[in-house]
Amino acid sequence: MFPAIEPQVLIAVGLAAGVTYSLRLGGLLLASRFPRSGRFRRGMDALPGALLFSLVLPSIVAEGVWGLMAAALTAIVVLRTRNTLAAMLCGMLVIFAVRRMG
């Protein structure tokens, strides 16, 4: 049937769950102390976009000119249509086509 689970595995899983839970709880407790308005709040609101940009930018640079063109097309499509999915698909299509051609 099922093999026996070793105690070390259970301990590792339990510790990982404890660390994950404590990080999330700590974040919630810390967030309650943040200001709800002002400059700090505006910075916190901009943080998800800044993190996404920092994750995407290296890929754009790695693709060179075509990466910049794909990013520009993505920006144009999202600004004109407000459809994020369509914009991402257009940018990905540019990179896909360039990789298939060369």
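A few points on the structure. (Residues numbered from 1 in each chain as written. Predicted model: local features only at pLDDT ≥ 70, side-chain atom pairs only at ≥ 80, totals over all residues. Heavy atoms only, no water.)

1. Here's the deal with a nonpolar patch on the surface
Logical step 1: On the surface, a nonpolar cluster with roughly 380 Å² of combined accessible area is contributed by Ile5, Val9, Leu10 and Val13.
Logical step 2: Looking at the element boundaries, leucine 10 is found in helix α1 (residues 7–31).
Logical step 3: Look at leucine 10 and you get exposed, because its relative accessible area is 52%. (Patch = residues over 30% accessible without salt bridge, like charges linked within 9 Å, V, L, I, M, F, W, Y side chains within 5 Å. Areas by Shrake-Rupley, 256 points an atom, 1.4 Å probe, with all protein chains shown as cover. Salt bridge = Lys/Arg side-chain N within 4 Å of Asp/Glu carboxyl O. Helix = DSSP H or I, 4+ residues; strand = E, 2+ residues; numbered from the N terminus. Buried < 20%, exposed > 50% of the residue type's maximum accessible area, 1.4 Å probe, protein only.)

2. Focus: helix α4 (residues 84–101)
Logical step 1: With 18 residues, α4 extends 26 Å between its outermost C-alpha atoms, agreeing within 8% with the 26 Å of an ideal straight helix rising 1.5 Å per residue.
Logical step 2: Among the structural elements, α3 (65–81) are those in contact with the buried residues of α4.
Logical step 3: With a side-chain oxygen positioned 3.2 Å from the backbone nitrogen of leucine 85, the residue opening α4 is asparagine 83. (Expected span 1.5 Å × (residues − 1). Contact = heavy atoms within 4.5 Å. Polar contact = N/O pair within 3.5 Å; in protein donor to acceptor, adjacent residues only side chain to side chain.)

3. Considering α3
Logical step 1: With 17 residues, α3 extends 24 Å between its outermost C-alpha atoms, agreeing within 8% with the 24 Å of an ideal straight helix rising 1.5 Å per residue.
Logical step 2: Among the residues of α3, those classed as buried are Gly67, Ala70 and Val77. Taken down its axis, α3 places every buried residue within 95 degrees of arc, on the same side. α3 presents Val65, Leu68, Leu79 and Arg80 as exposed residues on the side facing more than 90 degrees away from its buried surface.
Logical step 3: On its buried face, α3 sits against α2 (39–62) and α4.
Logical step 4: Directly after α3, the chain includes arginine 82, whose backbone phi takes a positive value near 60 degrees. (Arc of directions from axis to C-beta.)

4. As for the pattern of salt bridges
Logical step 1: Counted under the stated rule, the structure contains two salt bridges.
Logical step 2: Its salt-bridge partner being aspartate 45, residue arginine 41 comes within 3.5 Å of it at the nearest N-O pair. With arginine 41 and aspartate 45 both in helix α2 and four residues apart, this pair spans about one turn of that helix.
Logical step 3: The class of arginine 41 is partly exposed, set by a relative accessible area of 35%.
Logical step 4: The closest approach of N and O atoms between arginine 99 and glutamate 63, which form a salt bridge, is 2.4 Å. Within this pair, whereas arginine 99 is found in helix α4, its partner glutamate 63 is found in the loop between α2 and α3, the two being separated by 36 residues in sequence.
Logical step 5: Owing to a relative accessible area of 27%, glutamate 63 belongs among the partly exposed residues under this scheme.

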